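Chain by chain, the residues:
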Amino acid sequence: MGQKVHPFGFRLGVIENWSSVWYAGKDYAALLHEDLKLRDYIKKRLYHTGVAKVDIERAGRKTKVHIYTARPGLVIGQRGAEVDKLRYELEQLTGHELMINIHEVLSPELSSTLVAEGIAQQLQRRISFRRAMKKALQNTMRLGAKGVRLRVAGRLNGAEIARSEQAREGSVPLHTLRANVDYGVATSHTTYGCIGVKCWIYHGDMLPGERVTTVGGERAPHGRRPSDAPRMESVEPESGEHPERAGRGGRRGRK
């Protein structure tokens, strides 16, 4: 069973939390598509900053977006200018006000999504897939992962016939529900076609009552965030003002 389903969905409600936290009635479909639009836009807009995960919380008409990134400084910008601009663009996309929280990914090498995207970018620069996979394995295991599994598929090195190659180190128990297995996918757009990259990273087993609440294998008791997890918050402008019209009078904050 662990081989056939998504590792996140397989452990949802056991050690994993929902990436969208809200309740809806008849407008469920509209909110679901809005979440998809938000994630796609943030991923494309901030791809260069290494976005590992996007969580969305809703309470009434208020929406809170949590962005986990390896380069929070680029997302926030000088004196919060970039994050205010991003919030304005997302408000134009959704049609209502929202808040943005920026969280730093302390170890990008332990985030499966960022590892897969790193390999995909190397393949686009025509680096050998074996060399890219070997380097990613070494970096991830060196930082304390219990196991890593990588898989690339497509016209590798420009071959006529597409094939898949795998590399693994350590153990990756996909059938164990309490095992904290992070899973990420990326696509490399090369001149020979698309090459898919998949990455599994095993961070160890979770204790009873624990949930995965951050990126990179960090853990916390159920319903709580780690006290040492960096958290920076963008405060909403006064009276619905947008950053382009508020000027220096716009209120900004950071936690």
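Scroll up to find the structure this text is about.
The residue numbers shown here count from 1 along each chain, following its written sequence. The predicted origin of the model limits local features to residues at a pLDDT of at least 70 and limits the giving and counting of side-chain atom pairs to 80 or more, whereas totals for whole chains, interfaces and linings rest on all residues. Side-chain measures were taken over the full set of non-hydrogen atoms in the model, leaving aside hydrogen atoms and water.

Draft legend 1. A look at the overall build of the chain. Numbered from the N terminus, helices here are DSSP runs of H or I no shorter than four residues, and strands are runs of E no shorter than two. Counting its regular elements, the chain contains 7 helices and 11 strands. Only heavy atoms matter for contacts: two residues are in contact if any of them lie within 4.5 Å across the pair. By sequence separation, contacts in the chain at least 24 residues apart represent 62% of the contacts at least 6 residues apart. Only the protein chains shown count as covering a residue, and every accessible area follows the Shrake-Rupley method with a 1.4 Å probe. Per element, the accessible surface of the chain, about 13,900 Å² overall, is 50% carbon and sulfur.

Draft legend 2. Examining the pattern of salt bridges more closely. Criterion for a salt bridge: a side-chain nitrogen of Lys or Arg within 4 Å of a carboxyl oxygen of Asp or Glu. Counted under the stated rule, the structure contains 9 salt bridges. Across the pair R130 and E165 runs a salt bridge, and its minimum N-O distance is 3.9 Å. Separated by 35 residues along the polypeptide, R130 in helix α6 (residues 129-142) and E165 in strand β6 (residues 163-170) bring together distant segments of the chain. Overall, E165 belongs to the partly exposed group, its relative accessible area being 21%. Residues joined in a network through salt bridges with shared partners are E34, D35 and R58. Only protein chains enter the accessibility calculation, which uses a 1.4 Å probe. A residue is then buried if its area is under 20% of the maximum for its type, exposed if over 50%, and partly exposed in between.

Draft legend 3. Examining the packing of helix α2 (residues 28-45) against helix α4 (residues 81-94) more closely. Helix axes are fitted only over the stretch in contact, all axes being lines through C-alpha atoms; the angle between N-to-C directions runs from 0 to 180 degrees. In contact at an axis separation of 11 Å, α2 and α4 are set at 145° when each is read in the N-to-C sense. Crossing of α2 against α4: the hand is right-handed. When α2 is examined against α4, the residues E34, K37, L38, Y41, I42 and R45 are found in contact with a partner set consisting of E82, K85, L86, E89, L90, L93 and T94. Crossing handedness is defined as follows: a turn of the near helix away from the far one that is anticlockwise and smaller than a right angle gives a left-handed crossing, while the clockwise case is right-handed.

Draft legend 4. Quick peek at the sheet that holds strand β7 (residues 179-190). The sheet built from 4 strands is open, its strands ordered β6-β5-β8-β7 with antiparallel pairing. For this open sheet the edge positions go to β6 and β7, each flanked by a neighbour on one side alone. Along the sheet, successive strands turn relative to each other by an average axial angle of 10°, direction set aside. Strands in contact with helix α5 (residues 112-124) are β5 (147-154), β7 and β8 (193-205); relative to β7, the strand with the most contacts, it is inclined by about 20°. Where α6 meets the sheet, it contacts β5, β6 and β8, and its direction lies at approximately 25° from that of β6. Should DSSP find at least two bridges between two strands, the strands are regarded as paired.

Draft legend 5. Structural detail: α4. In this scheme, a helix's expected span is set at 1.5 Å multiplied by one less than its residue total. Over its 14 residues, α4 extends 20 Å from the first C-alpha to the last, a length consistent with the 20 Å expected when each residue adds 1.5 Å. If you check which residues of α4 are buried, you get V83, D84, L86, R87, Y88, E89, L90, E91 and T94. Phi for G95, located one or two positions after α4, is positive at around 90°.

Draft legend 6. Layout of the packing of α5 against α6. Between α5 and α6, the least distance of the axes is 10 Å, while the angle of their chain directions is 150°. Regarding the angle of α5 to α6, the classification is roughly antiparallel. Crossing hand, α5 versus α6: right-handed. For the pair α5 and α6, contact is made by V115, I119, Q122 and L123 and by F129, A132, A136 and T140, respectively. Tallied by class, residues from the contact of α5 with α6 come to 6 nonpolar, 2 polar and no charged. Any angle that is under 35 degrees is reported as roughly parallel, and any over 145 degrees as roughly antiparallel; angles of 65 to 115 degrees are reported as roughly perpendicular and all others as oblique. Three categories are distinguished: nonpolar for Ala, Val, Leu, Ile, Met, Phe, Trp, Tyr, Cys and Pro, charged for Asp, Glu, Lys and Arg, and polar for the others, with Gly belonging to the last.

Draft legend 7. Spatial organisation of the environment of S111. Examined against the element boundaries, S111 turns out to sit in the loop between β4 (98-104) and α5. Judged by relative accessible area, which is 1%, S111 ranks as buried. Taking the C-alpha atoms as reference points, S111 and W200, 89 residues apart in sequence, are found 9.2 Å from one another. In contact with S111, other than residues within four places in its own chain, are A52, V105, D182, I201 and V215.

Draft legend 8. Quick peek at the nonpolar core. Ranked by size, the top nonpolar core spans 22 residues in total, and within it V115, I119, L150, V152 and V197 carry the most contacts. Of all elements in the fold, only α5, α6, β5 and β8 reach the threshold of two or more residues within this core. Here V152 is in contact with I119, F129, M133, R163, S164, E165, I195, G196 and V197, once residues within four sequence places are set aside. Note on terminology: a nonpolar core comprises buried Ala, Val, Leu, Ile, Met, Phe, Trp, Tyr and Cys residues joined through side-chain atoms within 4.5 Å. Counting 16 residues, the second-largest nonpolar core is a separate cluster that includes I42, L46, V54 and L90.

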